Amino acid sequence: MTELPGVVVTGVSGRMGQMLVREILASDRLKLAGALERSGHDWVGRDLGECMGGAALGVLVSDDPLEAFARAQAVIDFTAPAATVAFAELAAQARAVHVIGTTGLSADDLAKIHTAGRHAVIVRAGNMSLGVNLLTKVTRQVAAALDEDWDIEIVEAHHNKKVDAPSGTALMLGEAAAEGRGVELDAVSDRGRDGITGARKRGDIGFHAIRGGDVVGEHEVIFASAGERIVIKHIASDRALFARGALKAALWGQGKAPGEYDMLDVLGLN
Ligand SMILES: NC(=O)c1ccc[n+]([C@@H]2O[C@H](COP(=O)([O-])OP(=O)(O)OC[C@H]3O[C@@H](n4cnc5c(N)ncnc54)[C@H](O)[C@@H]3O)[C@@H](O)[C@H]2O)c1
Ligand SMILES: O=C(O)C1=N[C@H](C(=O)O)CCC1
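Residues numbered from 1 in each chain as written. Chains lettered and ligands numbered in written order. Predicted model: local features only at pLDDT ≥ 70, side-chain atom pairs only at ≥ 80, totals over all residues. Heavy atoms only, no water.

- As recorded in an unreviewed UniProt entry, the chain goes by 4-hydroxy-tetrahydrodipicolinate reductase and comes from Tropicibacter oceani.
- If you open the UniProt record of the chain and go to Sequence similarities (unreviewed entry), you find "Belongs to the DapB family."
- Here the chain is described in UniProt, under the heading Subunit (unreviewed entry), as follows: "Homotetramer." (UniProt positions renumbered as here; feature names shortened; annotations may be inferred.)

As structure tokens, this is what we get:
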């Protein structure tokens, strides 16, 4: 019998980290090979199962990525930008597939991740759900079909602990709309208006972020013209959705040529 690919989960105490552990433990195609948290976190050195309030799993939470990645075929990483950039280099050294869900990455962070992708498989997406990835395709098509008489606005809502805005998903949708229009997103992006902003600039793509309660993730792309509006909306009601997408990516990446991929590749939507 062949061994199942082993996965290390980073940021294991986090909202996504714990969801990923549950999905891996329930999977018959992947096994848990390690659990990482940041140095100084009170889970480090303790049994993961007990930390999560259940029975012991025999997996100690570690703060040593180098040692953990050496035993893994995949690293699933939903943490924070600085951690993800460091993990990209270490996962590439270990030739482990690095699945990146972390959002809020800067252009400089993305360039470093791109460099790591020369040596190993990286799958990165601001949203790992089938629905949102399909929505990016639809958004690109609708934006390509309409001219600038149609104003594009992207509205997103998330829980009150989210630290970055616009969300990674909103940026994916904005990129898709800009691509459909044949423009660079950076040149037309208008984020969170406030004060005497003047009239809306033709061709801009607007972004608006709502933060509150326990909202898992909601995204709306609005195409507004004189007398009519098209609104395309995705609602995520369970974080398990993102975790299952990440597991799919970890499996899909096994044996692929080094490079940077996204969920459209994984889902066969490219
Ligand atoms: N792509 C997607 O589908 C998707 C879905 C949900 C969340 N996210 C993104 O995932 C990230 C995490 O979200 P969350 O809600 O789980 O946040 P969270 O704050 O609950 O968890 C992040 C975890 O990472 C840990 N961490 C930070 N630095 C670390 C380091 N150096 N080493 C190890 N662990 C470290 C933190 O201690 C924390 O436990 C965010 O960027 C979020 O936007 C993406
Ligand atoms: O909870 C979060 O944080 C989420 N982040 C992703 C984003 O930034 O789009 C995906 C949805 C949930």
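Resuming the write-up.
Focus on the UniProt feature "domain: Dihydrodipicolinate reductase C-terminal" (unreviewed entry) in the chain
Point 1. Per the UniProt record, "domain: Dihydrodipicolinate reductase C-terminal" (unreviewed entry) is found at residues 131–267.
Point 2. Helix makes up 37% of residues 131–267 and strand 28%, and the two end C-alpha atoms of the span are 11 Å apart. (Helix = DSSP H or I, 4+ residues; strand = E, 2+ residues; numbered from the N terminus.)

Points about the site of ligand 2
Point 1. The environment of ligand 2 is made up of Thr103, Gly126, Asn127, His158, His159, Lys162, Ser167, Gly168, Thr169, Val216 and Phe242.
Point 2. Interatomic distance of 2.8 Å between a side-chain N/O atom of histidine 159 and an oxygen atom of ligand 2.
Point 3. Burial of ligand 2 by the protein chains amounts to 85% of its free accessible area of 310 Å².
Point 4. Partitioning the shell around ligand 2 into residue classes produces 2 nonpolar, 8 polar and 1 charged. (Near = heavy atom within 4 Å. Polar contact = N/O pair within 3.5 Å; in protein donor to acceptor, adjacent residues only side chain to side chain. Areas by Shrake-Rupley, 256 points an atom, 1.4 Å probe, with all protein chains shown as cover. Nonpolar A, V, L, I, M, F, W, Y, C, P; charged D, E, K, R; others polar.)

Focus on the sheet that holds strand E11 (residues 228–236)
Point 1. Strand order across the open sheet formed by 5 strands is E8-E9-E7-E10-E11, with mixed pairing between neighbours. Both edges of this open sheet fall to strand E8 (189–191) and E11, since each of them pairs with a single strand only. Each neighbouring strand pair of the sheet contributes to a mean axis angle of 20 degrees, computed without reference to strand direction.
Point 2. Of the pairings in the sheet, the one linking strand E7 (residues 151–158) to strand E9 (residues 205–211) comprises 7 bridges and is parallel in character. From the neighbouring strand, histidine 158 faces E9, where its bridge partner is arginine 211. (Pairing = 2+ DSSP bridges. Axes fitted to C-alpha atoms, helices over the stretch in contact; angles between N-to-C directions.)

A short note on the site of ligand 1
Point 1. Residues in contact with ligand 1 amount to 21 residues; listed here are only the nearest, Arg15, Met16, Glu37, Thr103 and Lys162.
Point 2. The contact in question runs from an oxygen atom of ligand 1 to an N or O atom on the side chain of glutamate 37, over 2.5 Å.
Point 3. Residue glycine 101 places a main-chain N or O atom 3.1 Å away from a nitrogen atom belonging to ligand 1.
Point 4. When isolated, ligand 1 has an accessible area of 860 Å², and the protein chains bury 80% of it.
Point 5. Breaking the shell around ligand 1 down by element, the ones donating at least two residues are helix H1 (15–26) and helix H4 (81–93).
Point 6. Partitioned by chemical class, the residues of the shell around ligand 1 number 7 nonpolar, 9 polar and 5 charged.

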